[in-house]
Amino acid sequence: MKQYTQILMLFLLAAFFTIALPNQTQAQYSTKNKKAIKYYQKARENLKRRKYDEGLAYLEKAVKKDPKFLEAHYQLASLYTRIFFNEPGAGAKVMSHYEQIVKADPGNKRYIHLNVTLGEQHLKNGKYDLARTSVSRYLDAKIKSPRMNKKAQDIIATCDYAAKGMQTPLPFRPTPLTPPLNTLYYQYFPVLTADQNTLIFTGVKNPPSRRVAPDESMYVSYQKNGQWTSPASISDKINTIDNEGTCSISADGKVLVYTVCENRRRGTRRGVIGICDLFISVKVGGKWSEPKNLGPNINTRAWESQPSLSADGKTLYFASKRGGGKGGIDIWVSKMGEDGKWQPAQNLDERVNTPRDEVSPFIHVNGRTLYFSSEGHQGYGGKDLFSVDLFSLTKEKAKNLGYPINDYRDQVGLFITTDGKKGYYTQEEVVNGRMATSKLAMFDMPDQIKPKITSNYVQGYVYDAKTKKKLQATIELKDVNTAQLQTSVSSDPQNGSYLIVLNNGAEYALEVKRKGYAFKSMKFNYAKGKDEKPLEINIPLDPIGAGVVFTLNNVFFEYNKYALKDKSKVELDNLVKFLKENPEISGEVSGHTDNIGDKARNKELSQQRANSVRDYLVSHGIDASRLVYKGYGDSKPAATNDTEEGRAKNRRIEFKILKLSKK
């Protein structure tokens, strides 16, 4: 989360910095000390000849002779900004010389702008009171500079916002992950699968040096019996001698999108279009496919990085410096079309993007809560973390996650678990402007910033009911009340495994489809929004054949009535499609009840309900000659009638394949 960007060149905000000041007479200097002036002039002579070390030495002598020599302090600050910026403590020296100038002559209009520079640096160090004092001194001078005035006013606004926010801190107690994690030199940008058993992150194994650039690769660790395994390279197909990292993983761990940057120094070409591109790899069985560039609808000649995939791997959010956005780095989104190709990326609206930088998007598995980092929205200074509901009908503005998750430093990169209870991020320590340590950490999510819609998942494998062979199948999840497709995934073609995310607060129909196999459905009622637990369900599919019976689990009626509820449409439309795709099938629609009430009435009701379903199928294009219907009342229970759960299973509609006609 802590990504420090205190670059010394920020001190160049005064574009009029020069290494040598214009010629001045002795009367124009701020000092009357002749020795100090002599040293200053010797310094200028050396600087003109680009003898910067000698010039620096004479300037140091000048301010030693007169600590209030403004021009000498300003020239020293300029040298440490422009020439000696790589020296340890250079930034602190720049600020020290500025402070000496402001302290010596607070009202000097020539240097009054330095109060804003000082205010910016105080803000970067979290010294809000000093920042306010510095910029207030500048504003009190009433200088006619719209750009600088705006900058000063923004600093005041940040100080006010921070002062208010720090009065109500959130419970935030991050802890570093224990070994064997955090054993590389650097590790950052963690992501997890929905079941929280697979952790992938970017790591640097060995300490970088001036001669050896950091070798970024992607590492994976698996949680087994509550313990993480030692991090290992994710794949030889993905990691190379160049840098790879900043990845995202689909909820089921089968789709990986990550960043590849072109290494022009080594002359390698890996199919990168621009500076950095996004690549994709798919996991089949236990192996990752050969990575592919996501193409020109995603990647441009500019910088693209920091991807975040939706749970089903079919919507991609990422950061890009391309043109056509709101300004700076923006967050973009692309969806995968029905043809499997990524659509042209779209810029997110002003609730997310601003004229300044927005980076590190993270879309929660609920598909609607986006977390991101921004320096353009009001925060505590630097880049702060925000959240926004992308599909809010009221178009609510992005929400700052609050203190102390956000503070005066840069907060970049956040991952939140499926249930919304845990957050993962990177704890970094910066020394002299350079990252000294970088560790993965975890914290309990404060209630105030949890996703409003939390999620659960169902996982298992799909298999042939007769042969037990694992199968690849399409698994679709639809909201029965809106008939909207929520997500669609495929089970693994080798091991049949699948994982699909279900959001709390809705009622779902889950349909499992494979050509040559009977219709299969399940229902999940999460409409009450309670904290559901993950489920493991292995799904048998019956090959199409006479005698095969399947339950229509998402057909609904009012109590003691036979008119179909509107939310039955999702299931019945899928059955219509199945029957049209398999015109050789003729079948029986059967109705069943529990044993509560009069037996004759139960049989009559079951027949009426079966007829309602048959009528729906016929009205939607299925030949009536292919269908019969029958009511069995309570004569064929599927479960015990001694419990409500059992009775609910007995109140059902089934479809039985009677015969297969040759076409």
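To keep things clear, this report deals only with the structure shown in the data block. Bear in mind that the values here come from a model prediction, so they are computed numbers and not experimental data.

**What to know about the sheet that holds strand E19 (residues 399-400)**
Next up, step 1: Spatially, the four strands line up as an open sheet ordered E16-E17-E18-E19, and their pairing is antiparallel. Every other strand in the sheet has two partners, leaving strand E16 (358-363) and E19 as the edge strands with one partner each.
Next up, step 2: Direction of pairing for strand E17 (residues 369-374) relative to strand E18 (residues 384-389): antiparallel, over a ladder of six bridges. Bridged to Leu370 within E18 is Val388.

**Describing the environment of Ser374**
Next up, step 1: Along the chain, the position of Ser374 falls in strand E17.
Next up, step 2: With 127 residues separating them in the primary sequence, Ser374 and Val501 have C-alpha atoms 28 Å apart.
Next up, step 3: Leaving out residues up to four positions away in the same chain, Ser374 has contacts with Asp357, Glu358, Gly382, Lys383, Asp384 and Phe386.
Next up, step 4: In this structure the side chain of Ser374 is engaged in a polar contact, spanning 2.9 Å, whose partner is the backbone nitrogen of Gly376.
Next up, step 5: In terms of polar contacts, Ser374 uses its side chain to reach the backbone amide nitrogen of His377, at 3.2 Å.

**Things to note about the packing of helix H1 (residues 34-48) against helix H2 (residues 52-65)**
Next up, step 1: For the pair H1 and H2, the least separation of the axes is 8 Å and the interaxial angle reads 165°. Classified by the angle their axes make, H1 and H2 are roughly antiparallel. Crossing angle aside, the handedness with which H1 passes H2 is left-handed. On H2, the residues that touch Lys35, Ala36, Tyr39, Tyr40, Lys42, Ala43, Asn46 and Leu47 of H1 are Tyr52, Glu54, Gly55, Tyr58, Leu59, Lys61, Ala62 and Lys65.
Next up, step 2: The class makeup of the residues in the contact of H1 with H2 is nine nonpolar, two polar and five charged.

**As for the state of the cysteines**
Next up, step 1: Per the stated rule, a full pass over the model turns up one disulfide.
Next up, step 2: A sulfur-sulfur distance of 1.9 Å marks the disulfide that ties Cys261 to Cys276. Between Cys261 and Cys276, the S-S dihedral sits near 105°, and the bridge is therefore right-handed. Of this pair, Cys261 sits in strand E8 (residues 255-261) while Cys276 is found in strand E9 (residues 276-284), placing the two residues 15 residues apart along the sequence.
Next up, step 3: With relative accessibility at 5%, the residue Cys276 sits in the buried group.
Next up, step 4: Free cysteine: Cys247, not disulfide-bonded; nearest cysteine sulfur from Cys261 at 14 Å.
Next up, step 5: The exposure class of Cys247 is buried, given its relative accessible area of 5%.

**Looking at helix H8 (residues 569-581)**
Next up, step 1: When the terminal C-alpha atoms of H8 are compared, their 18 Å separation across 13 residues agrees well with the 18 Å that a helix rising 1.5 Å per residue should span.
Next up, step 2: Considered for burial, the residues of H8 that qualify are Val570, Glu571, Leu572, Asn574, Leu575, Val576, Phe578 and Leu579.

**Topic: the pairing of strand E4 (residues 216-224)**
Next up, step 1: Two elements, strand E3 (residues 198-204) and E4, share seven bridges in a ladder whose sense is antiparallel. What sits directly across from Phe201, in E4, is Tyr219.
Next up, step 2: Two strands pair when backbone bridges link them, and E4 and strand E6 (residues 232-233) are joined in this way by two bridges, in the antiparallel orientation. In the sheet register, Val220 faces E6, and the bridge partner there is Ala232.
Next up, step 3: With two bridges connecting them, E4 and strand E5 (residues 227-228) associate as antiparallel partners.

Conventions we followed
- Residues numbered from 1 in each chain as written.
- Predicted model: local features only at pLDDT ≥ 70, side-chain atom pairs only at ≥ 80, totals over all residues.
- Heavy atoms only, no water.
- Pairing = 2+ DSSP bridges.
- Helix = DSSP H or I, 4+ residues; strand = E, 2+ residues; numbered from the N terminus.
- Contact = heavy atoms within 4.5 Å.
- Polar contact = N/O pair within 3.5 Å; in protein donor to acceptor, adjacent residues only side chain to side chain.
- Axes fitted to C-alpha atoms, helices over the stretch in contact; angles between N-to-C directions.
- Parallel < 35°, antiparallel > 145°, perpendicular 65-115°, else oblique.
- Left-handed = near helix turned anticlockwise from the far one by under 90°.
- Nonpolar A, V, L, I, M, F, W, Y, C, P; charged D, E, K, R; others polar.
- Disulfide = S-S within 2.5 Å.
- Buried < 20%, exposed > 50% of the residue type's maximum accessible area, 1.4 Å probe, protein only.
- Expected span 1.5 Å × (residues − 1).

Remember, this is a structural readout, not a statement about activity or role.
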